[in-house]
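The residues making up each chain are set out below.
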Amino acid sequence: MYMYVDVLDARPKLSEHHKILFDDKKISIPWEEGKTSHFQHLWIRDHCQCPECFHPDTKQRLLNTFSIPNHVRPESVEATETGMQISWKNGHKSFFTWEWLHLHSYNPRLERYLSPQFKLWGSEITECPPEVEYESVMETEKGVAEWTRKIYIYGFCYINGVPVNPDATKALIERIAHIQHTHYGGFWSFTSDLASKDTAYTSLPLSAHTDTTYFSSPAGLQLFHLLSHTGGTGGQTLLVDGFRAAKLLRDEDPTSYRILSNTRIPAHSSGNNGISIQPYAPFPVLNHHPVNGELFQVRWNNDDRATMDRWNDPDEVEAFYDAIRSWNEVLKRRESEYWEQLVPGKALIFDNWRVLHGRAAFDGSRTMCGAYVSRDDFMSRFMMTNSKREDVLRAL
Ligand SMILES: C[N+](C)(C)CCCC[C@H](N)C(=O)O
Ligand SMILES: O=C(O)CCC(=O)C(=O)O
């Protein structure tokens, strides 16, 4: 599993139906999400955050841990709007915010949902988008390290100075790893000729989506390089940070976040004769890591969504449409959308598990080339160019 750092969960809430309890040994805090955290009295007294016990500037413990009696226990515990107030028998008072308690819960470890390693962005990223130079990537491992690090942290990266031809573009992609072949082929050049029966091969606008939601494991990276666009206009590229959108949805509409994290959506790609690609199972829009609970993958392509005819309870149908409407509203916010007109020589690569992409309608003759790289091949290249081999192997 990749080295992840836990991060604060958004607005954890106390259960409305259960109270905070404490006995001789521990305090038990019931959360709205249905889990209960247990904190031994000795532990929580030792972590008092008041200025007497914890230096507000140096962030160091001032409390003498060894002065805490083993049998320490609260006189009373009070739940407030923002946290838990403990009055200890010796008169000392400690206050912990719900966020702090949820983040540091150790029995059990509670869900974290987004690693802080990712720099989330909105339309403001247009001011200073991540980019690398073609020469640097082609000639040095250091260049590939910077390139893959920017892809991992931002979810996308431009490559400037790419010779405007398919061979140079293919060689660029292969600096990360071998190309992921699909039913579209390996390295592709495409235009609006329906050569493959998919709307990408038209001049229609495409709303923000992730590709290959119909694969059991969606393509990891996608690279686009506009080779030419003559006799027409349009075709601007849209990027949306799916992790930022998910964070906004979780903060503003936790019910919809939960629905999009649990409702499995069937998908398919069946336009080409003799082909119907379907995943071995439907997957939710928002997918969380089975070990650390972090959001690790967004799968969203409303056009490729297949018929949803499996519901535990038909009443879930309306709630699902409310949830995808709420999700769509976040995706389409002006501050969520980053539009860029790609130009020959400036390639774009993005993390298809995080960043949604789209396109404005266009006319004229437009040729785009690129390819997919699998997630595992990308993560291997990212880790091995940004960490020492022995460090990566030590974490296994
Ligand atoms: C291969 N190439 C990038 C040209 C087209 C891919 C089409 C992807 C499809 N619309 C999807 O959302 O999965
Ligand atoms: O033509 C473009 O700019 C993007 C096409 C697209 O969204 C896709 O291939 O998934």
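Keep in mind the model is a prediction, meaning the values are calculated, not measured.

Criteria and cut-off values
- Residues numbered from 1 in each chain as written.
- Chains lettered and ligands numbered in written order.
- Predicted model: local features only at pLDDT ≥ 70, side-chain atom pairs only at ≥ 80, totals over all residues.
- Heavy atoms only, no water.
- Buried < 20%, exposed > 50% of the residue type's maximum accessible area, 1.4 Å probe, protein only.
- Helix = DSSP H or I, 4+ residues; strand = E, 2+ residues; numbered from the N terminus.
- Pairing = 2+ DSSP bridges.
- Near = heavy atom within 4 Å.
- Polar contact = N/O pair within 3.5 Å; in protein donor to acceptor, adjacent residues only side chain to side chain.
- Areas by Shrake-Rupley, 256 points an atom, 1.4 Å probe, with all protein chains shown as cover.
- 1 Å grid on protein atoms, 1.4 Å probe; cavity = no way out; pocket = protein on both sides within 12 Å on 5 of 7 lines; lining within 4 Å.
- Sits in = over half its atoms within 2 Å of the grid points.
- Contact = heavy atoms within 4.5 Å.
- UniProt positions renumbered as here; feature names shortened; annotations may be inferred.

Q: Would you take a moment to explain the pairing of strand β16 (residues 347-351) for this structure?
A: Working note: regular strand, side chains alternate between the two faces of the sheet. Along β16, five of the five residues are buried, which leaves the element largely enclosed by surrounding structure. Across four bridges, strand β8 (residues 156-160) lies against β16 in antiparallel orientation. The residue bridging Ile 159 from the neighbouring strand is Ala 347, located in β16. Alignment of strand β11 (residues 221-230) against β16, held across four bridges, turns out to be antiparallel. Each bridged residue has a counterpart across the sheet, and for Gln 222 the counterpart in β16 is Phe 350.

Q: I would appreciate a short explanation of the sheet that holds strand β3 (residues 36-40) in the present structure.
A: The strand order β1-β2-β3 describes an open sheet built from three strands, whose pairing is antiparallel. Edge positions in the open sheet fall to β1 (21-22) and β3, since each of these has one partner strand only. Note: β1 against strand β2 (residues 26-30), two bridges, orientation antiparallel. Counted as the bridge partner of Leu 21 is Ser 28 from β2.

Q: Could you clarify how one ought to interpret the site of ligand 2 in this entry?
A: Close to ligand 2 lie Phe 190, Ala 200, Leu 206, His 209, Asp 211, Phe 224, His 357, Arg 359, Arg 366 and Met 368. At 2.9 Å from an oxygen atom of ligand 2 is found a side-chain nitrogen or oxygen belonging to His 357. Contact distances for ligand 2 include 2.9 Å between an oxygen atom and a side-chain N or O atom of Arg 359. Considering ligand 2 on its own, with 300 Å² of exposed area, one finds that the protein chains cover 94% of that surface. The pocket occupied by ligand 2, as judged from atoms lying within 2 Å of grid points, is the largest pocket. Contributing elements (two or more residues each) for the shell around ligand 2: β10 (206-209), β17 (355-359) and β18 (365-373).

Q: Please clarify how helix α6 (residues 242-252) should be interpreted in this entry.
A: An α-helix turns once every 3.6 residues. As a result, residues three or four positions apart point the same way. Three or more residues of α6 are buried, namely Gly 242, Phe 243, Arg 244, Ala 245, Ala 246, Leu 249 and Arg 250. Along its buried surface, α6 packs onto β12 (237-241), α7 (254-262), β13 (286-288), β14 (295-298), α8 (316-331) and β17. Between the side-chain oxygen at the start of α6 and the backbone nitrogen of Phe 243 there is a gap of 3.0 Å, and the oxygen is on Asp 241.

Q: Can you walk me through the UniProt feature "domain: Gamma-butyrobetaine hydroxylase-like N-terminal" (unreviewed entry) in the protein in this structure?
A: The positions that UniProt labels "domain: Gamma-butyrobetaine hydroxylase-like N-terminal" (unreviewed entry) are, in the present scheme, residues 23-102. Helix makes up 14% of residues 23-102 and strand makes up 34%, while its end C-alpha atoms are separated by 20 Å.

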